[in-house]
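What follows is each chain in one-letter form.
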Amino acid sequence: MSIPSAIAQALDRIERARQASGCSDRVALELAVKTRSPEECREAAQALSDLGQPILLGHNRVQEAKATVDAIREVPGARIHLIGPLQSNKINHALSCVDAIESIDSVALVEKIDSRATTELPVFIEVNVSGEDTKHGCSPADFSSIVEAVAAATHLKLAGLMTVGLNSPAEADVRRGYALLRELRDSAVQQLAIPATNLELSMGMSHDLEWAIAEGATIVRVGTAVFGPRRLVARG
Ligand SMILES: *Cc1c(COP(=O)(O)O)cnc(C)c1O
């Protein structure tokens, strides 16, 4: 299937889930473009643009974001989010090519990014809702101190929360994690005295986006359902 038809199908799936849940007024499709070529990224961005959708692409690695940024920026309005872990030595590179960072998971990282940023940067706090050792993100217990650090930062603006859900076929277990992210969003809304609509909930992937939308997702991050199986890449 072509990338534009796969995107149209994913949007149908999202819209059906959104209507069934009655939770969110809008759910954006963020394309997870890891291992995709600059040409594929541009084609996908153009397809979102042609469909009148927000043009949102998520990269896991700063290096891949840098390698594709010029192609993606050929599509006016395209936005690039970092959705993978950010090492301190890559902060400057990240700031040069991404529009938002979804993987903020410590007060130390907030302070380091804030000291390097020169313009306003939207950030999402990534929470490990499943408690699995292999998952990135802060623990729910540390969440509110990171909210405070972002609020105190000069250049960072809290734009939402992000999580990679439990990888399990058990709907109730997966949804419990997504419900927890929503509850943390509600607590941040209280803490900051802002409207709930100011904070995105970035949760749900190809295999479970319906469950995430049922728990209030406003952004779902989809890779394989649009691009097919992941390519193997050399790590380094
Ligand atoms: C790859 C990835 C996704 C998308 O996963 P698929 O199963 O390919 O839809 C979403 N979020 C993150 C952080 C990812 O790394």
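Higher on the page you've got the structure.
The residue numbers shown here count from 1 along each chain, following its written sequence. Residue-level local features of this predicted model are given only where pLDDT is at least 70; pairs of side-chain atoms are given and counted only at 80 or more, and the full residue set underlies all totals for whole chains, interfaces and linings. Side-chain measures here rest on the full set of heavy atoms in the structure, leaving out hydrogens and waters.

Quick word on the nonpolar core
We call a set of buried residues a nonpolar core when its members are Ala, Val, Leu, Ile, Met, Phe, Trp, Tyr or Cys and they connect through side-chain atoms within 4.5 Å of each other. Think of it in three bands: residues with accessible area under 20% of the maximum for their type are buried, residues over 50% are exposed, and the middle band is partly exposed, with areas taken using a 1.4 Å probe on protein chains only. Judged by nonpolar contacts, the single largest core of 69 residues is most densely connected at Ile7 and Leu31. Top element by residues in this core is helix α1 (residues 3–21). It accounts for seven residues. Contacts are assigned to residue pairs with any non-hydrogen atoms lying within 4.5 Å of each other. Discounting chain neighbours no more than four positions away, the residues touching Ile7 are Leu29, Leu31, Ala44, Ala47, Leu48, Leu51 and Val226. Counting eight residues, the second-largest nonpolar core is a separate cluster that includes Ile83, Phe124, Met162 and Ile219. For helices the rule is a DSSP run of H or I covering at least 4 residues; for strands it is a run of E covering at least 2, with both sets numbered from the N terminus onward.

What about the pattern of salt bridges?
Within this document, salt bridges are pairs made up of a side-chain nitrogen of Lys or Arg and a carboxyl oxygen of Asp or Glu, the two lying within 4 Å of each other. Scanning all chains against the criterion turns up twelve salt bridges. Between Glu15 and Arg18 there is a salt bridge whose closest N-O contact spans 2.9 Å. Residue Glu15 and its partner Arg18 are located together in helix α1, separated by three residues, close to a single helical turn. Of the charged contacts in the structure, one is a salt bridge between Glu74 and Arg42, with a shortest N-O distance of 3.0 Å. Linking Glu74 in the loop between α3 (62–73) and β3 (79–82) with Arg42 in helix α2 (residues 38–50), this pair joins segments that are 32 residues apart in sequence. Here the salt bridges share partners, and the residues they tie into one network are Glu171, Arg175, Arg182 and Glu215.

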